[in-house]
Amino acid sequence: MKVATTIGTGIINPAIIDNILIVAALGGAIIWNLLTWWMGLPSSSSHALIGGLIGAGIMKAGTDILVWKGIITTSAFIVISPPLA
């Protein structure tokens, strides 16, 4: 539940989220995944989705909509999780 809450409200300001932003975020993540798969590079679909959400949010409303606390927490666990596993 905490992960869903962070993704839903802790990455970008939820006030700007609409259907177009969601489609743009998913489109960016899909393109990134396809490129990395075609090149034989390992990639994480969930991380691609977070990156797509950040990118779409910035394109729509600028960097002021970023929720830095959630981004920093998520980024920290992207780095911490593999060694812990």
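As shown above, the structure is provided for reference.
A. Summary view of the overall build of the chain. When helices and strands are counted, the chain shows four helices and zero strands. Moving toward the C terminus, one meets the helices and strands of the chain in the order α-α-α-α. Taken over C-alpha atoms, the radius of gyration comes to 13 Å for the chain, in line with the 12 Å a tight globule of 85 residues would show. Expressed along its principal axes, the backbone C-alpha trace of the chain runs to roughly 35 × 30 × 20 Å. Each of the 85 residues in the chain was classed as buried or not, and the buried ones make up 24%. Excluding contacts between residues fewer than 6 apart, the proportion of contacts in the chain whose partners are at least 24 apart in sequence is 67%.

B. Inspection of helix 4 (residues 68-84) at higher detail. Taking 1.5 Å of rise per residue, 17 residues should cover 24 Å, and helix 4 covers 24 Å from first to last C-alpha, within 8% of that figure. Considering bend angle alone, the principal kink of helix 4 is centred on Ile78 and spans about 25 degrees; proline Pro82 follows within four residues of it. All of the buried residues in helix 4 are Gly70, Ile71 and Thr74. Where the residues of helix 4 are buried, they touch helix 1 (2-9) and helix 3 (45-61).

C. Main features of helix 2 (residues 19-38). The end-to-end C-alpha separation of helix 2 is 28 Å, in line with the 28 Å expected for 20 residues at 1.5 Å each. Turning to helix 2, its buried residues number three or more, namely Leu21, Ala25, Ala29, Asn33 and Thr36. The buried residues of helix 2 all sit within an arc of 100 degrees when viewed along its axis, so they share a single face. Set apart from the buried face of helix 2 by more than 90 degrees, the exposed residues are Asn19, Ile20, Val23, Ile31 and Trp38. Where helix 2 is buried, its residues meet helix 3. The N-terminus of helix 2 is capped by Asp18, whose side-chain oxygen sits 3.3 Å from the backbone nitrogen of Ile20.

D. Spotlight on a nonpolar patch on the surface. A surface patch of nonpolar side chains, amounting to about 1200 Å² of accessible area, comprises Ile17, Ile22, Leu26, Ile30, Ile31, Leu34, Leu35, Trp37, Trp38, Met39, Leu41 and Leu49. Per-element tally for the nonpolar patch: the top contributor is helix 2, with eight residues. Within the fold, Leu26 resides in helix 2. Judged by relative accessible area, which is 40%, Leu26 ranks as partly exposed.

Parameters and conventions
Sequence order sets the numbering: in each chain, residues are counted from 1 along the sequence as written. Reporting in this predicted model follows two pLDDT cut-offs: at least 70 for local features of residues, and 80 or more for side-chain atom pairs to be given and counted; totals over whole chains, interfaces and linings ignore these cut-offs and use all residues. With hydrogens and water excluded, all non-hydrogen atoms of the structure serve as input to the side-chain values. Per the convention used, a helix needs a DSSP run of H or I reaching at least four residues, while a strand needs a run of E reaching at least two, with both numbered from the N terminus. Values of the radius of gyration come from C-alpha atoms, whereas the globule rule sets the reference at 2.2 Å times the count of residues to the power 0.38. Remark: exposure states derive from per-residue accessible area (1.4 Å probe, protein chains only) relative to the maximum for the residue type, with buried under 20%, exposed over 50%, and partly exposed in between. The contact criterion used is simple: two residues touch if any of their non-hydrogen atoms lie within 4.5 Å. To estimate how far a helix should extend, the number of its residues minus one is multiplied by 1.5 Å. Bend is the name given here to the angle between axes fitted to two runs of seven residues, the run ending at a residue and the run starting at it. The directions considered for the arc run from the helix axis to the C-beta atoms. The term polar contact refers here to a pair of N or O atoms within 3.5 Å; inside protein, the definition further demands a hydrogen-donor-capable atom paired with an acceptor-capable atom, and it admits residues adjacent in sequence only when both atoms are side-chain atoms. Residues enter a patch when their relative accessible area is above 30% and they make no salt bridge; the linking distance is 9 Å between like charges and 5 Å between nonpolar side chains (Val, Leu, Ile, Met, Phe, Trp, Tyr). Areas reported as accessible are Shrake-Rupley estimates using a 1.4 Å probe. Residue values count occlusion only from the protein chains shown. The term salt bridge refers to a side-chain nitrogen of Lys or Arg lying within 4 Å of a carboxyl oxygen of Asp or Glu.

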